[in-house]
Amino acid sequence: MSLTLAQIAEAIDGHLIGDSDYLIEGVGTLATATQQQISFLANSKYKKFLKDTHAGAVIVASGMGEELNTNVIEAKDPYVAYAKAATLLYPESLAQSTIHASAWIDPAATVADNVSIGPHVSIGKGAVIKSGVHIGAGSVIEQDVYIGEDSRIKSNVTLCRQIQIGQRVIIHPGVVIGADGFGIANDNGVWIKVPQVGRVVIGDDVEIGANTTIDRGAIEDTVIHHGVKLDNQIQIGHNVSIGEHTVIAGCVGIAGSTQIGKHCAIGGGTGIGGHLEIADGVQLTGMTMVTKSITEAGVFSSGIPVEPTKQWHKNVVRYRQMDKLFERVKLLEKQFKD
């Protein structure tokens with residue numbers, strides 16, 4: 001798609017400095033963009049590329065436009081502005097409202113007229129598929145699932161029984177929502193299954209990355225609130241609640257019955273224990289291990305950053321000596337007081 005800079009600037013609420021009729025056909029990085037592409041500067045480490053960029057236009061922060069010799073769109077937040085511009089230039093191509101001949105739909109399911117259902121999709125008894133929904137090839141929609149308007153279920157997704165999906169939700173390939181949580185009880189040395197009878201409830205405008213799994217509640221529901229964004233390969237245990245507009249990066253594991261607040265940001269590889277509470281506005285850096293509740297907003301970290309192996313071995317040895325060192329310090333303190 002081609003758009004003029006005037007059209008782009010208006011759509012992203014930016015201030016254009018340059019040729020309003022200049023045509024843009026795509027996006028590129030500052031280092032590689034062509035004259036038909038638009039780029040952006042949101043991180044100061046890439047400012048060195050500004051001088052030599054061949055981009056036809058660059059999105060920058062307010063007040064920076066006069067420094068450049070190309071077309072410029074100034075914006076309050078260049079990265080957000082770039083996201084909006086890229087969405088305009090690369091509109092998602094959705095399938096037409098058709099139902100493939102190989103799809104199986106239970107007669108007791110309710111499917112709106114203007115939906116798209118791909119090959120080998122299975123839709124169970126009592127399911128409700130609202131208008132504008134697109135379901136990709138090979139997806140399984142079990143009984144009594146509800147999918148709200150304009151949601152996109154991509155290929156090979158499994159929505160287990162009674163799952164509730166809101167409006168404008170995007171679910172990427174391989175996602176499984178509503179499988180049984182890890183509920184087991186020890187009966188004289190033998191593990192027996194605890195029935196998982198809750199649901200999963202997904203709010204509006206949620207995005208769920210590829211191969212992420214969200215367990216159904218044990219008794220009450222697992223709830224993912226409005227606007228949550230989940231990366232790939234995340235495991236969310238039963239009865240977890242994730243507050244509005246929280247974002248979670250890949251390979252995070254969240255154990256059962258933990259409550260995560262609104263507007264949190266959780267870095268990749270983080271592990272969060274069960275039955276904890278995470279306050280609104282908490283940021284967890286990558287690979288953090290959370291074993292107790294966090295009651296105030298802020299940035300939290302754990303773990304040891306990478307270092308040369310030789311130094312790491314020395315630190316491990318010292319760590320193992322900490323108890324002896326502590327006892328020696330206590331003894332010296334006692335002797336000093338005496």
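Just so you know, these numbers come straight off a predicted model, no measurement behind them.

**Student:** Sorry if this is basic, but what is going on with helix 2 (residues 78–89) here?
**Tutor:** In an α-helix there are 3.6 residues to a turn, and that puts residues three or four apart on one side. Between the first and last C-alpha of helix 2 there are 16 Å, a value that for 12 residues agrees with the 16 Å anticipated at 1.5 Å per step. Along helix 2, the residues classified as buried are Pro78, Ala81, Tyr82, Ala85, Ala86 and Leu89. Seen along its axis, helix 2 keeps its buried residues to an arc of 135°; they face one direction. For helix 2, the capping residue at the N-terminal end is aspartate 77, with a side-chain oxygen 3.1 Å from the backbone nitrogen of tyrosine 79.

**Student:** What am I meant to see in the sheet that holds strand 19 (residues 170–171) here?
**Tutor:** Strands pair in a sheet through their backbones, by hydrogen bonds, and they do so in one of two ways: parallel or antiparallel. Read from one edge to the other, the open sheet built from 10 strands follows the order 10-13-16-19-24-27-30-33-36-38, with strand pairing classed as parallel. Every interior strand has two partners, whereas the edge strands, strand 10 (116–117) and strand 38 (298–300), have only one. As paired strands, strand 13 (residues 134–135) and strand 16 (residues 152–153) are joined by two bridges and run parallel to one another. Across the sheet, the residue bridging to isoleucine 135 is isoleucine 153, located in strand 16.

**Student:** Mind showing me how you'd approach the environment of threonine 70 here?
**Tutor:** Counting through the fold element by element, threonine 70 comes out in the loop between strand 6 (57–61) and strand 7 (71–75). C-alpha of threonine 70 to C-alpha of valine 228: the two residues are 158 residues apart in sequence and 37 Å apart in space. Apart from the residues lying within four places of it in its own chain, the contact partners of threonine 70 are Ile17, Ala55, Gly56, Ala57 and Val58. At 3.2 Å, the side chain of threonine 70 forms a polar contact with the backbone oxygen of alanine 55.

**Student:** When you look at the side chain of glutamine 196 in this model, what are you seeing that I'm missing?
**Tutor:** If you trace the backbone, glutamine 196 turns up in the loop between strand 22 (190–193) and strand 23 (200–202). Among the residues examined, glutamine 196 registers a relative accessible area of 3% and is labelled buried. Within the structure, the side chain of glutamine 196 is placed 2.9 Å from the backbone oxygen of valine 194, a separation counted as a polar contact. Discounting residues that sit within four places of it in the chain, glutamine 196 has contacts with Arg161, Asp180, Gly181, Gly183, Arg216, Gly217, Ala218 and His238.

**Student:** Help me understand the nonpolar core in this model?
**Tutor:** By size, the foremost hydrophobic cluster in this structure holds 48 residues, and its most contacted members are Ile135, Ile147, Leu159, Ile171, Ile177 and Ile242. Among the secondary structure elements, those contributing two or more residues to this core are strand 23 and strand 36 (282–284). Not counting residues within four places of it along the chain, the set of residues in contact with isoleucine 147 comprises Val128, Ile129, Lys130, Val133, Ile135, Ile141, Ile153, Leu159 and Ile165. Grouped together as the second largest cluster of nonpolar side chains are 17 residues, Ile12, Val27, Ala57 and Ala75 included.

**Student:** Just to check I follow, could you spell out the sheet that holds strand 23 for this structure?
**Tutor:** Ordered in space as 9-12-15-18-23-26-29-32-35, the nine strands form an open sheet in which the pairing is parallel. Whereas interior strands pair on both sides, the edge strands pair on one side only; in this sheet they are strand 9 (110–111) and strand 35 (277–278). For strand 15 (residues 146–147) and strand 18 (residues 164–165), the ladder comprises two bridges, and the chain directions are parallel. By the bridge assignment, isoleucine 147 is partnered in strand 18 with isoleucine 165.

Calculation criteria
Going along each chain's sequence as written, the residues are numbered from 1 onward. The model is predicted, so local features are restricted to residues of pLDDT at least 70 and side-chain atom pairs to those at 80 or more, both for listing and for counting; the totals for chains, interfaces and linings are taken over all residues. For side-chain calculations, the full set of non-hydrogen atoms in the structure is used, while hydrogens and water are omitted. Per the convention used, a helix needs a DSSP run of H or I reaching at least four residues, while a strand needs a run of E reaching at least two, with both numbered from the N terminus. What a helix should span is 1.5 Å times the count of its residues minus one. Think of it in three bands: with a 1.4 Å probe and only protein chains considered, a residue is buried below 20% of the maximum accessible area for its type, exposed above 50%, and partly exposed in between. For this quantity, the arc is that covered by the directions from the helix axis to the C-beta atoms. By the criterion applied in these results, polar contacts are pairs of N or O atoms within 3.5 Å in which, for protein atoms, one can donate a hydrogen and the other can accept it, and in which residues neighboring in sequence qualify only through two side-chain atoms. For two strands to be treated as a pair, DSSP must find no fewer than two bridges joining them. Two residues form a contact once any of their heavy atoms are found within 4.5 Å. Here, the term nonpolar core denotes a set of buried Ala, Val, Leu, Ile, Met, Phe, Trp, Tyr and Cys residues that are joined through side-chain atoms within 4.5 Å.

Remember, this is a structural readout, not a statement about activity or role.
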